[in-house]
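Report on the structure
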Amino acid sequence: MEKEIYEIEINETGKFLERPNRFICEAELSDGKIVTAHVHDSGRIKELLYKGNSVSLRKAKDTSKRKTEWDLISAKAEDGEDILLNSSFHRYISENILRDGEISPLGNADNVKAEVKYGHSRLDYLLEKDGEKIWIEVKGVSLSENKHAVFPDAPSTRACKHLETLMELKEKGDRAGVLLLIFRDSNDFSPNFKTDPDFSELFYKAIEKGVEIYPVQLKLKNGKIYYTDKKINITFLCSNKEK
């Protein structure tokens, strides 16, 4: 099954030139004009953001409170697949999934509340279903090699903190889970030990503690995000060696 769940406005395509820092990049539009675009992704993404690669951009509607007129939306993979690189859309995509009982890995929820504070953490969602509380954190995954998706592509203390909070909530008696938005066609997923061993160890510890992991395969085509019901397996690795 393939189902459209969100649409992103794309105004231009161009060529990636360079990324002076993690927040901005330079791109050449189809008419040859050089523009600066905001990069809403803290990952390195070097396998997609390299000189000459094809990217898509959206022009900002209000530039009064920002320094750039453009937003980077996506980049082409070597096989031509268009990969979403703008994490500002993760909230809308994930909420559309969780509110749709047909495609949500949690089925029909009685209530879905976004951006819920717990202690010193703020988690993406709190769902209520059949009298249970289900806490959900969302992670976007754009890095995949040979159809093996990994996260993160840069060390993330924030992601580690989220896993620790989810384990704490699980120990208190609530349900807790991670929704993985997989933006490149993949067969399986594992945490990226090479990049972030701390997150990787916590990821498997969280599974052992009962934290639920839900990888969801998504596709970007012509500015539209599609959910697919492809099954993505969790691969159990330890220091890049199978357990």
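Whatever comes next refers back to the structure up there.
Now for a quick tour of the structure. (Residues numbered from 1 in each chain as written. Predicted model: local features only at pLDDT ≥ 70, side-chain atom pairs only at ≥ 80, totals over all residues. Heavy atoms only, no water.)

**Describing the overall build of the chain**
Along the backbone of the chain there are three helices and 19 strands. Relative to the globule expectation of 18 Å for 243 residues, the C-alpha radius of gyration of the chain, 18 Å, shows essentially globular dimensions. In terms of principal-axis extent, the alpha carbons of the chain reach across some 55 × 40 × 40 Å. In the chain, which comprises 243 residues, the proportion classed as buried is 51%. Contacts in the chain between residues at least 24 apart in sequence constitute 61% of all its contacts with a sequence separation of at least 6. If you sum the accessible surface of the chain, you get close to 12,400 Å²; carbon and sulfur atoms cover 43% of it. Placing the 40 positive and 43 negative side-chain charges of the chain at their respective mean positions leaves the two points 3 Å apart. (Helix = DSSP H or I, 4+ residues; strand = E, 2+ residues; numbered from the N terminus. Rg over C-alpha atoms; globule rule 2.2 N^0.38 Å. Buried < 20%, exposed > 50% of the residue type's maximum accessible area, 1.4 Å probe, protein only. Contact = heavy atoms within 4.5 Å. Areas by Shrake-Rupley, 256 points an atom, 1.4 Å probe, with all protein chains shown as cover. Lys, Arg positive; Asp, Glu negative; His and termini not counted. Charge placed at Lys NZ, Arg CZ, Asp CG, Glu CD.)

**Quick look at the packing of aromatic side chains**
Across all of its chains, the model carries nine aromatic pairs by this definition. Centroid distance Phe151 to Phe199: 5.4 Å. Interplanar angle 70°. Geometry classified as edge-to-face. Separated by 48 residues along the polypeptide, Phe151 in strand β12 (residues 148-151) and Phe199 in helix α3 (residues 197-208) bring together distant segments of the chain. Note on accessibility: Phe151 and Phe199 belong to one class, buried. Ring pairs connect the aromatic residues Phe151, Phe189, Phe193, Phe199, Phe203, Tyr204 and Phe236, which therefore count as one cluster. Across the ring face of Tyr226, the terminal group of Lys221 is positioned such that the distance to the ring centre comes to 5.0 Å. (Phe/Tyr/Trp six-rings, centres within 6.5 Å; stacked < 30°, edge-to-face > 60°. Lys NZ or Arg CZ within 6 Å of the ring centre and 35° of its normal.)

**Describing the pattern of salt bridges**
Under the criterion given, the structure shown has 17 salt bridges. The shortest N-O distance in the salt bridge between Lys209 and Glu171 comes to 3.9 Å. Taken together, the residues span a long stretch of sequence, with Lys209 in the loop between α3 and β15 (212-221) and Glu171 in helix α2 (residues 157-171) at a distance of 38 residues. Salt bridges linked by common partners bring Lys3, Asp100 and Glu102 together as one network. (Salt bridge = Lys/Arg side-chain N within 4 Å of Asp/Glu carboxyl O.)

**Looking at the layout of surface pockets**
Of the pockets and cavities examined, the largest pocket occupies roughly 860 Å³. Together, 34 residues line the largest pocket, and Ser42, Ser87, His90, Gly140 and Arg158 are the ones closest to its centre. Broken down by secondary-structure element, the contributors of at least two residues to the lining of the largest pocket are α1 (90-98), β9 (121-129), β10 (132-141), β12 and α2. At five residues, the largest contribution of residues to the lining of the largest pocket is made by β10. Per-class residue counts for the lining of the largest pocket are 13 nonpolar, 11 polar and 10 charged. By volume, the second largest pocket is sized at about 250 Å³. Lining the second largest pocket are 16 residues, with Leu143, Glu145, Val150, Asn192 and Lys194 positioned closest to its centre. Where the lining of the second largest pocket is concerned, the elements lending two or more residues are β11 (143-145), β12 and β14 (188-191). Of the residues in the lining of the second largest pocket, the class split is six nonpolar, four polar and six charged. (1 Å grid on protein atoms, 1.4 Å probe; cavity = no way out; pocket = protein on both sides within 12 Å on 5 of 7 lines; lining within 4 Å. Points joined across faces, edges and corners; volume = space filled by probe spheres on them. Nonpolar A, V, L, I, M, F, W, Y, C, P; charged D, E, K, R; others polar.)

**Concerning α2**
Between its terminal C-alpha atoms α2 stretches 21 Å, which fits the 21 Å expected from 15 residues at 1.5 Å a residue. Considering only its buried residues, α2 is in contact with β8 (111-118), β9, β10, β12, β13 (175-182) and α3. Positive phi shows up at Gly173, right after α2, with a value of about 115°. (Expected span 1.5 Å × (residues − 1).)

**Looking at the pairing of β12**
With three bridges connecting them, β11 and β12 associate as antiparallel partners. Within the sheet, the bridge partner assigned to Glu145 lies in β12 and is His148. The turn linking β11 back onto β12 is made up of two residues, and Asn146 within it adopts a positive phi angle of 55°. As paired elements, β12 and β14 share four bridges and run parallel to each other. Across the sheet, the residue bridging to Val150 is Ser190, located in β14. (Pairing = 2+ DSSP bridges.)

**Some words on the nonpolar core**
Leu84, Ile93, Ile136, Leu218 and Ile225 are the most contacted members of the largest nonpolar core, which has 44 residues in total. Excluding its chain neighbours within four sequence positions, the residues that come into contact with Ile225 are Lys3, Glu4, Ile5, Tyr6, Ile8, Leu84, Ile93, Phe183, Leu218, Lys219 and Leu220. In this structure, Tyr118, Leu123, Val178 and Phe189 belong to the second largest nonpolar core, which totals 29 residues. (Core = buried A, V, L, I, M, F, W, Y, C linked by side-chain atoms within 4.5 Å.)

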